[in-house]
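# Results of the structural survey
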Amino acid sequence: MRFAVTALILALAAGAYAQGTARASVSSTRVTQDVPFTITIEATGSEIGEPTPPQTSPNLKISSTPSGQGQSLSISGTSMRRSRQWMYNAVATKVGEVAIPSFTIEVDGESLKTDPVRLSVSPSSAPATRKPPGNTPNQTRRAQNSPGQGDGNPTWEDIVRIETKVDKEKVYQGEGITLTVSVWTLDWPGVMVNYTGPRNIEWPSTEGFYAGEIEHGNAYENRGNLPYNVEQFQRSVYPTQSGTLTIGPWSWQGRARAFTATGFPESRDYDLSTEPISIEVLPLPEPPPGFSGAVGSYTISASVENRDVTQGTPVKLFIRITGRGNPDAVGAPEIPALDWAHIGSPEVEIRALGSESSLIEKSFSYDLTPLAAGAHEFPGISFTCFEPLTGVYKTDTSDPVTLNVQEAPDGNRLITTSEQETAAQEKIRILAQDIEPITRDAAHLRPAQAAIAIQGGLLGVPPVAYLGFALFMRRRRRFREDISFARDYHARNKARKRLGRAASAKEPADEIFRALGDYLSDKFNQSNAGLTSQDAGALLTAHRIPQDLLDGYVKVMRACERERYASQKLSPHEIAALRSAALDKLDKVDAILRRERSA
Amino acid sequence: MNAILALFLALGAGAFEQTFSQANAAYDNGQYREAAVSYEQLVQQSVADPAVFFNLGNCYFRLGNLGYAIANYERSLQLRPSFEAARTNLDQAIAQTEHKLNRPLPPAWEQGLLFWHYDLSYRTTWITSAVCWVLFWSLLALRLVRRWRYLRTTLILLAVAAAAFGTSAWIKAHPVPMAVVTAENVPVRFGTSEDDKVRFELAAGDRVSVGDTRGGWIQVSTGSGERGWADSKAFALVGPPYTDLLMLQADVPTGGAAQ
C-alpha cells in the first residue's frame, strides 16, 4: 500500500514536470501611481513561444514589447526542458487595487494563460498629468535642441539646464555683484540625472574680482510648465579694478537616464556650458581725505559697555559699522590717541543682520583703560565710504561717548576684576616697560658636542660595569659550588707556584713530586693522598697522553721518589734540571688536557 | 693625554668667555649689530648656552627684528625653561607682533604623559635620568651580592624614573621643529609652488611648527591647526641644531625703531 501511494505521487510529479507552465510575477505588489515597475513572465517547457501581452486598460499601462529576456536549460532523464523569462515595464495610473491581466503564451503546443496578479497602488506626490518622456530615440535625433513638444511632455533638452546670472552688469569699483550659478534638473518619474564631471566643480573665473563666501541652496520651480529641482550657488564678488571685467563661462557634465514611451530606459550624456558675462566697472571719483576704502552704504556708531568706570579698570569700547557692501574692505576706523586712557588693539567680528546676507555689521571692540579720574569724552569717530547708488562719498560720524571715571582707592594702579581684563592689563604693563637687560652670567661656555660625548659615555658605563660584575660573581659562585672545576682551574698555576718555590724548599725533590702529583689529582679531581708515580702514569694513560710525554712525566716523579730514599741528596744543579723538566712536562700535559677539554 | 685634553678644553672655554665679554661690552655701548656678530660666533662654534641666546635675542630686539629676537628667546627658554628674563622679553616681543600667535603645542601624547617636564631644563632631566640609571645598575649589581626586602620595588621605580626622565631629556634634545617668521607678510600656500593658492599669511614673529621639507619649501602649522607650505628663507629655525642666523651673512632687515 505504501509503495503504491509513493508510486502515484512520483507519477503525478513526473507528469507535472512534463507539462509546460507559465506564470507572472511583479517586483512588488505595492506600487506607486505613475512610477514604473516590472512584470516578469516565466514559461517552462520544451517548446516555448513568445508571450502576448494583455490589452492595456486606462488604469494600467503595459509596454507592448519586453524590456529584457532570459532563458535557462535543464535536463531530466532523456528530456530537455527550457525556461524563458520576459520583463515588461508597466505603470499604474490610478490609485487603489489593480489586477494585471493574464499574459497568453504557447508552450509545448498548448496555449497557457498566466494567473492575474493583484497590485495595491498608492498615490504619488507628483502631478497626475505627467507621462514618461515622449520622445523615442529616433524622434530625439530629429528634434535637436527643441525646447519641448508643446504637449507637456519634456524632451531630452529639458532634462538638464544650467545658467549663470548677475544682478548688476554696471558697477563701481568695489561695489558688490551677486553672481548666481544654478543647475536645473527635471523632476519627472523615471528620470535620473547624475553629475559625471570632475570631483570638484570649478567656479566660473572671477579674475579681477574679490570673491566672498559661497552660499548654497535648493529650490523647486516651474519653467515652461515643467517642474525642476534647482540647485543654486550664490556668491558676492567685488571688482578690484576698473574697466571691463569678465565672469568666465561655467561648465557642467552629467548623464541623464529616463524611461521613454517605448518602455526602454535610455541614457544621454550632457556637456553644458554657459556664456561669459561682461561687467563694466566704473572707477571711483577722487577720494576725500579719510576715505576708508569701503564701497557701499554704511553708518557708524560707538558705545561702551559701562559709562561709570574706575581708574585702571578696562571697559569695552565698541565701534560698529553697519551697511551693505564688502565687509573685508571695511578697515578699522582711526582711533585718536587719548591722554586720559589707553586703548588696546581691536577684536573684529562680522555678522549678518536679519535674513539678508548683504546687510552686515562689522564691530571693532577695544579695551579702553581709563588712567585719569574725572569726566572724559571719547570723541566721535568718522567713517567715509563711497555710495554707489548716489555716486558720491558719504561721511558718517558716531556720537561722542562720555565716561565718568572714578578714582581708584589706591591711586593709579591696575586692578584685576576678570581674567580677560588681567590679560589686557598684562598687555599694557608689558608694552609700557622695557625689555630685561642682557645677562653677564654665562658660566662654563663649551661646545655642545663635548657634552654629548660625555653623556654617551656615562650612559654606557653602568651596564658594562654590571655585566663584568655579574660575570665575576658567577665565576666566583661556580668556584664555590663546583670543587672539581675550581681544582681544575687552579691546578696549573698552583703547580707552577709550587715548582717555583721548590728551589728554596727544605725538600726540593719532594716539592717537585708534590707539585706534579697534586697537579694530576687537581686536574682529575682525585685524592692526592698517597699518589705515587705509578698512579700518575695510570691517570695520564687513561687520558690518552702521548707515551713519550707520559714517560717523561713519570720519570721526573720517579726521580723525586728515589731522592726521598737515597742516601745522597741531589745537588742544586740536579734539582734545577729536575725542576725545569717538571715545568716542561707540566706545561705540555696541561696543553694537551686543555685541547682535549675544549674539543 | 688627559691633562692635554683638559688644558685644551680650558683654553677653549677661556676664549668663549672672552668673546662673550666682548659682545656684552659692545651691547652696553649700543653697538647691537657688532654684539650680535660676536654672540653668533659663539653659536657657530656650537656653544649652546641660554645666556648667549638671550643676549642675542636682545640684540635683535634692539635692532627691530622681532623674528630673530623671538627665535633666540625661544632657544634660551628651550635650554632653561625657568629663565624668567627670557620669558619676559619673549612676551614683550610677542606683544609687538601683528598676530600674537601662541606657540605651537607639542603632540597630545607628550602633553598627556610628560606634562610635568615643561618647567625642567634639559640638563636637569638628563642628570636625573643619569642618576637613576646609575643607581639602577648599582642596585642590580648589589642584588647579586645580597637580597634586600624592597630591592625589587626600588629597582622598578628607578627603571621607570630613568625611562621617564630619559624620555624627557631625549624629547628636549629633539623637540618638534619650530620656526619663527622673519619676514613681513609671508604667504602660506596649499602647495610648493608660487602659483599655488595662498591659504593664509603669516607676519614677522609668528611661531609655527615645521613638518615636511621639499626643496626650498617647508610645511608649517600654526598653534590653531592651520597648515600649508611656505618659503623656508622667510623663517628662522629655533632648533636644535642651532644653525647660523643671517647676521654673519648679510644685512639683517631691521623693522621699526629700537627701544
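Above this note sits the structure.
Computed from a predicted structure; not experimentally measured.

Here is what the cut-offs are and how they apply
Residues numbered from 1 in each chain as written. Chains lettered and ligands numbered in written order. Predicted model: local features only at pLDDT ≥ 70, side-chain atom pairs only at ≥ 80, totals over all residues. Heavy atoms only, no water. Contact = heavy atoms within 4.5 Å. Buried area = accessible area lost by both parts, 1.4 Å probe. Salt bridge = Lys/Arg side-chain N within 4 Å of Asp/Glu carboxyl O. Polar contact = N/O pair within 3.5 Å; in protein donor to acceptor, adjacent residues only side chain to side chain. Helix = DSSP H or I, 4+ residues; strand = E, 2+ residues; numbered from the N terminus. Nonpolar A, V, L, I, M, F, W, Y, C, P; charged D, E, K, R; others polar. Buried < 20%, exposed > 50% of the residue type's maximum accessible area, 1.4 Å probe, protein only. Axes fitted to C-alpha atoms, helices over the stretch in contact; angles between N-to-C directions. Parallel < 35°, antiparallel > 145°, perpendicular 65-115°, else oblique. Left-handed = near helix turned anticlockwise from the far one by under 90°. Core = buried A, V, L, I, M, F, W, Y, C linked by side-chain atoms within 4.5 Å. Phe/Tyr/Trp six-rings, centres within 6.5 Å; stacked < 30°, edge-to-face > 60°. Lys NZ or Arg CZ within 6 Å of the ring centre and 35° of its normal. Patch = residues over 30% accessible without salt bridge, like charges linked within 9 Å, V, L, I, M, F, W, Y side chains within 5 Å. Areas by Shrake-Rupley, 256 points an atom, 1.4 Å probe, with all protein chains shown as cover. Expected span 1.5 Å × (residues − 1). Pairing = 2+ DSSP bridges.

## Observations regarding the interface of chain B and chain A
Listed per partner, the contact involves 40 residues of chain B and 28 residues of chain A. A buried area of about 3100 Å², summed over both sides, lies between chain B and chain A, and 66% of it is on carbon and sulfur atoms. In terms of surface lost to chain A, no three residues of chain B exceed Gln92(B), Trp126(B) and Leu144(B), which account for 18% of the buried area on that side. Along the contact surface separating chain B from chain A lie one salt bridge. One salt bridge connects Arg440(A) with Asp28(B), and the closest N-O pair in it is separated by 2.8 Å. Along the contact surface separating chain B from chain A lie five residue pairs in polar contact (both at pLDDT 80 or more). Counting residues per element, the ones that place at least two in the side of chain B that touches chain A are helix 1 (2-28), helix 2 (32-44), helix 3 (50-62), helix 5 (84-95) and helix 7 (122-142) of chain B. Partitioning the side of chain B that touches chain A into residue classes produces 25 nonpolar, 10 polar and five charged.

## Brief notes about unusual backbone geometry
At the junction of Gly239(B) and Pro240(B), the peptide bond is cis and its omega measures out at 10 degrees in the coordinates. As for its position among the elements, Pro240(B) is in the segment after strand 7 (235-237). Non-glycine residue Asp108(A) carries a positive phi angle of around 50 degrees. Examined against the element boundaries, Asp108(A) turns out to sit in the loop between strand 8 (104-107) and strand 9 (110-113). By relative accessible area, Asp108(A) is classed as partly exposed at 33%. Residues other than glycine seldom take positive phi values, yet Ser46(B) does so here, at roughly 70 degrees. By the element assignment, Ser46(B) lies in the loop between helix 2 and helix 3.

## A short note on the pattern of salt bridges
Residues and elements named next belong to chain A. Applying the stated criterion to the full structure yields 33 salt bridges over all chains. Among the salt bridges present, the one from Asp488 reaches Lys523, with a minimum N-O distance of 2.6 Å. Here Asp488, found in helix 6 (residues 483-502), pairs with Lys523, found in helix 7 (residues 508-523); they are 35 residues apart in sequence, far enough to count as distant. Here the two residues Asp488 and Lys523 agree in accessibility, since each one is buried.

## Structural notes on the packing of helix 8 (residues 533-542) of chain A against helix 9 (residues 547-565) of chain A
Residue and element names in this part refer to chain A. Orientation of helix 8 relative to helix 9, taken along the N-to-C sense of each, is 165 degrees, at an axis distance of 9 Å. With respect to their mutual orientation, helix 8 and helix 9 come out roughly antiparallel. As for how helix 8 packs across helix 9, the hand of that crossing is right-handed. Between helix 8, through Ser533, Ala536, Gly537, Leu540 and Thr541, and helix 9, the contact on the second element is made entirely by Leu550, Tyr553, Val554, Met557, Arg558 and Glu561. Residue classes in the contact of helix 8 with helix 9 are distributed as six nonpolar, three polar and two charged.

## Regarding the nonpolar core
The biggest cluster of nonpolar side chains holds 40 residues, and the ones touching the most others in it are Leu445(A), Phe20(B), Tyr39(B), Leu42(B), Val52(B), Phe61(B) and Tyr73(B). Of all the secondary-structure elements, those providing two or more residues to this core are helix 1, helix 2, helix 3, helix 4 (66-79), helix 5 and strand 1 (178-181) of chain B. Here the element with the most residues in this core is helix 3 of chain B; it accounts for eight residues. Residues Phe524(A), Met557(A), Ala559(A) and Val589(A) belong to the second largest nonpolar core, which totals 33 residues.

## Points about the packing of aromatic side chains
As enumerated under the stated definition, the model contains 19 aromatic pairs over all chains in all. Judged by centre distance (5.2 Å) and plane angle (50 degrees), the ring pair of Tyr88(A) and Phe103(A) falls under tilted. Of this pair, Tyr88(A) sits in strand 6 (residues 79-92) while Phe103(A) sits in the loop between strand 7 (96-100) and strand 8, and the two are 15 residues apart along the sequence. Phe103(A) shares its class with Tyr88(A); the two are buried. Between Tyr27(B) and Tyr32(B) the ring centres are 5.1 Å apart and the planes differ by 65 degrees, which places this aromatic pair in the edge-to-face class. For Tyr27(B), a relative accessible area of 8% translates into the label buried. Through a chain of ring-to-ring contacts, the aromatic side chains of Tyr172(A), Phe291(A), Phe386(A) and Tyr393(A) assemble into a single cluster. In this structure, Arg223(A) is placed above the aromatic ring of Trp184(A), and the distance from its NZ or CZ to the ring centre is 4.0 Å. Its guanidinium or amino end placed over the ring of Phe83(B), Arg80(B) lies 4.6 Å from that ring's centre, counting from NZ or CZ.

## Quick notes on a nonpolar patch on the surface
Together, Ile127(B), Val131(B) and Leu135(B) make up a nonpolar patch on the protein surface, roughly 240 Å² of accessible area in all. Residue Val131(B) is classed as partly exposed on the basis of its relative accessible area, which comes to 43%.

## A word on helix 7 of chain A
Residues and elements named next belong to chain A. The terminal C-alpha atoms of helix 7 lie 22 Å apart, and with 16 residues this matches the ideal 22 Å at 1.5 Å per residue to within 8%. Counting buried positions along helix 7 gives 15 out of 16 residues, so the element sits mostly inside the fold. Trailing helix 7 by a residue or two, Asn525 shows a phi angle of about 55 degrees, which is positive.

## Some points on the environment of His216(A)
Residue and element names in this part refer to chain A. Positionally, His216 belongs in strand 15 (residues 209-223). A residue is classified by how much of its surface remains accessible, and His216, at 48% relative accessible area, is partly exposed. As a C-alpha pair, His216 and Glu231 span 15 residues in sequence and 7.6 Å in three-dimensional space. Leaving out residues up to four positions away in the same chain, His216 has contacts with Glu231, Gln232 and Phe233. A polar contact is formed between the side chain of His216 and the side chain of Glu231, at a distance of 2.9 Å.

## Topic: the environment of Leu586(A)
All names here are of chain A. Position of Leu586 relative to the elements: it lies in helix 10 (residues 572-598). Placed 67 residues apart in sequence, Leu586 and Tyr519 show a C-alpha to C-alpha distance of 8.3 Å. Among all residues touching Leu586, those that are not within four sequence positions of it are Arg492, Ala495, Arg496, Leu499, Leu516, Tyr519 and Tyr553.

## Overview of the pairing of strand 23 (residues 315-325) of chain A
Residue and element names in this part refer to chain A. Burial runs high along strand 23: eight of the 11 residues are buried. Pairing between strand 21 (residues 291-304) and strand 23: nine bridges, direction antiparallel. Paired with Ala302 across the two strands is Ile319, which belongs to strand 23.

## What to know about the sheet that holds strand 7 of chain A
Residues and elements named next belong to chain A. Ordered by their spatial adjacency, three strands build an open sheet running 2-10-7, and the pairing between neighbours is mixed. A strand with exactly one partner marks an edge of an open sheet, and here the two such strands are strand 2 (30-32) and strand 7. Strand-to-strand twist of the sheet, defined as the mean angle between neighbouring strand axes without regard to direction, takes the value 40 degrees.

## Brief notes about the side chain of Ser168(B)
Looking at the element boundaries, Ser168(B) is found in helix 8 (residues 151-173). With a relative accessible area of 0%, Ser168(B) lands in the buried category.

## Thoughts on the packing of helix 6 of chain A against helix 7 of chain A
Residues and elements named next belong to chain A. Following both chains from N to C, one finds helix 6 and helix 7 inclined at 165 degrees, their axes separated by 8 Å at the closest point. In terms of orientation, helix 6 and helix 7 fall into the roughly antiparallel class. Helix 7 is crossed by helix 6, and the crossing has left-handed handedness. Residue-level inspection shows Ser484, Arg487, Asp488, Ala491, Arg492, Lys494, Ala495, Arg498, Leu499 and Ala502 of helix 6 in contact with helix 7, the latter providing Pro508, Glu511, Ile512, Arg514, Ala515, Asp518, Tyr519, Ser521, Asp522 and Lys523.

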